[in-house]
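# Structure assessment
Each chain, written out:
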Amino acid sequence: MGVTTTEAGDEAFMRRALELAQHAEEAGEVPVGALVVLNDDIIGEGWNQPIVAHDPTAHAEIVALRAAAVRIKNYRLSGATLYVTLEPCAMCAGAIVQARITRVVYGAADPKAGAAGSVFNLLESPSLNHRAQITGGILARDCGENLKSFFQARR
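### A few points about the overall build of the protein
- Along the protein, the regular secondary structure elements total 5 helices and 5 strands.
- Taken from the N to the C terminus, the helices and strands of the protein come in the order α-β-β-α-α-β-α-β-β-α.
- Here the C-alpha atoms of the protein give a radius of gyration of 14 Å, agreeing with the 15 Å that 2.2 N^0.38 yields for 155 residues.
- Counting only C-alpha atoms, the protein reaches 45 × 30 × 30 Å along its principal axes.
- Considering the protein as a whole, with its 155 residues, one finds that 46% of them fall into the buried category.

Encoded structure:
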């Protein structure tokens, strides 16, 4: 099971995550998009929908992980890469560890709640039974501007 590691591949998948974030924004949700890739194939996609779904766990990452697990009929997603436009929070990092995601690629850092190195680093914690490789800052400007403009419009 391969993991995409090229910068061009990471950017292409992050562009898709940005497209998914637009679905969230159109629904009035914080514009975060995520996808799970296995062997260069997208196996799960998601965007933030806790408000619409009345579900506090419906973050983009969780939605994408659930879709990927259903698609491959396995809750373990070993060998897969998760792409997300915003650094995962602690809840999502915990789900990523439980799913055994091999690599996490995120766009914008989250200096208030990031759990992939900004505030916490749960994804590489030696205390947990699984660790994920982290690549941050892919299309960070685009991802950050998307979030910034969303919150500016709401003020």
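### A short note on the layout of surface pockets
- In this structure, the largest pocket spans a volume of roughly 540 Å³.
- Around the largest pocket, the lining is made up of 23 residues, and of these V30, L86, D110, L147 and F151 lie nearest the centre.
- For the lining of the largest pocket, the secondary structure elements donating two or more residues are α2 (50–53) and α5 (140–154).
- Broken down by element, the residue count for the lining of the largest pocket peaks at 5 residues, all from α5.
- Among the residues forming the lining of the largest pocket, the class breakdown is 12 nonpolar, 4 polar and 7 charged.

### Points about the side chain of E29
- Take E29: it is sitting in the loop between α1 (7–26) and β1 (33–38).
- Judged by relative accessible area, E29 falls into the buried class, the value being 2%.
- Within the structure, E29 has its side chain in polar contact with the backbone nitrogen of I51 (distance 2.9 Å).

### Here's the deal with the packing of aromatic side chains
- Throughout the structure, instances matching the rule amount to 2 aromatic pairs.
- Seen from their ring centres, F13 and Y83 are 5.2 Å apart, and the 40° between their planes marks the pair as tilted. Placement of the pair is F13 in helix α1 and Y83 in strand β3 (residues 81–86), with a sequence separation of 70 residues. Accessibility assignment for this pair places F13 and Y83 in one class, buried.

### So, the pairing of strand β4 (residues 103–108)
- Counting buried positions along β4 gives 6 out of 6 residues, so the element sits mostly inside the fold.
- Note that β3 and β4 share 5 bridges and pair parallel. From the neighbouring strand, Y83 faces β4, where its bridge partner is V105.
- Following the backbone out of β3, through helix α4 (residues 90–99) and into the adjacent parallel β4, one traces a crossover that is right-handed.
- Across 4 bridges, the pairing between β4 and strand β5 (residues 133–136) is parallel. Across the sheet, residue Y106 finds its bridge partner in β5, namely G136.

### Description of the sheet that holds β1
- Ordered by their spatial adjacency, 5 strands build an open sheet running β2-β1-β3-β4-β5, and the pairing between neighbours is mixed. Strands with a single pairing partner mark the edges of an open sheet, and in this sheet they are β2 (41–47) and β5. Between one strand and the next, the sheet's axes are offset by a mean angle of 15°, whatever the strand orientation.
- Here 6 bridges tie β1 to β2, and the two strands are oriented antiparallel to one another. Within β2, the residue paired with L35 across the bridge is E45.
- On the sheet, α5 packs against β3 and β4 and is oriented at approximately 60° with respect to β4.

### Focus on unusual backbone geometry
- A positive phi angle, near 50°, is found at N39, a position not held by glycine.
- The backbone of D40 sits at a positive phi, close to 65°, despite the residue not being glycine.

### Quick look at the nonpolar core
- Counting 39 residues, the largest nonpolar core has M14, V36, L77, I101 and L123 as the members making the most contacts within it.
- Residue contacts for L123: discarding those within four places in its chain leaves A93, I96, V97, V104, A115, A116, H130, R131, A132 and I134.

So, how was this worked out
- Residues numbered from 1 in each chain as written.
- Predicted model: local features only at pLDDT ≥ 70, side-chain atom pairs only at ≥ 80, totals over all residues.
- Heavy atoms only, no water.
- Helix = DSSP H or I, 4+ residues; strand = E, 2+ residues; numbered from the N terminus.
- Rg over C-alpha atoms; globule rule 2.2 N^0.38 Å.
- Buried < 20%, exposed > 50% of the residue type's maximum accessible area, 1.4 Å probe, protein only.
- 1 Å grid on protein atoms, 1.4 Å probe; cavity = no way out; pocket = protein on both sides within 12 Å on 5 of 7 lines; lining within 4 Å.
- Points joined across faces, edges and corners; volume = space filled by probe spheres on them.
- Nonpolar A, V, L, I, M, F, W, Y, C, P; charged D, E, K, R; others polar.
- Polar contact = N/O pair within 3.5 Å; in protein donor to acceptor, adjacent residues only side chain to side chain.
- Phe/Tyr/Trp six-rings, centres within 6.5 Å; stacked < 30°, edge-to-face > 60°.
- Pairing = 2+ DSSP bridges.
- Right-handed = clockwise from strand over helix to strand, strands pointing away.
- Axes fitted to C-alpha atoms, helices over the stretch in contact; angles between N-to-C directions.
- Contact = heavy atoms within 4.5 Å.
- Core = buried A, V, L, I, M, F, W, Y, C linked by side-chain atoms within 4.5 Å.

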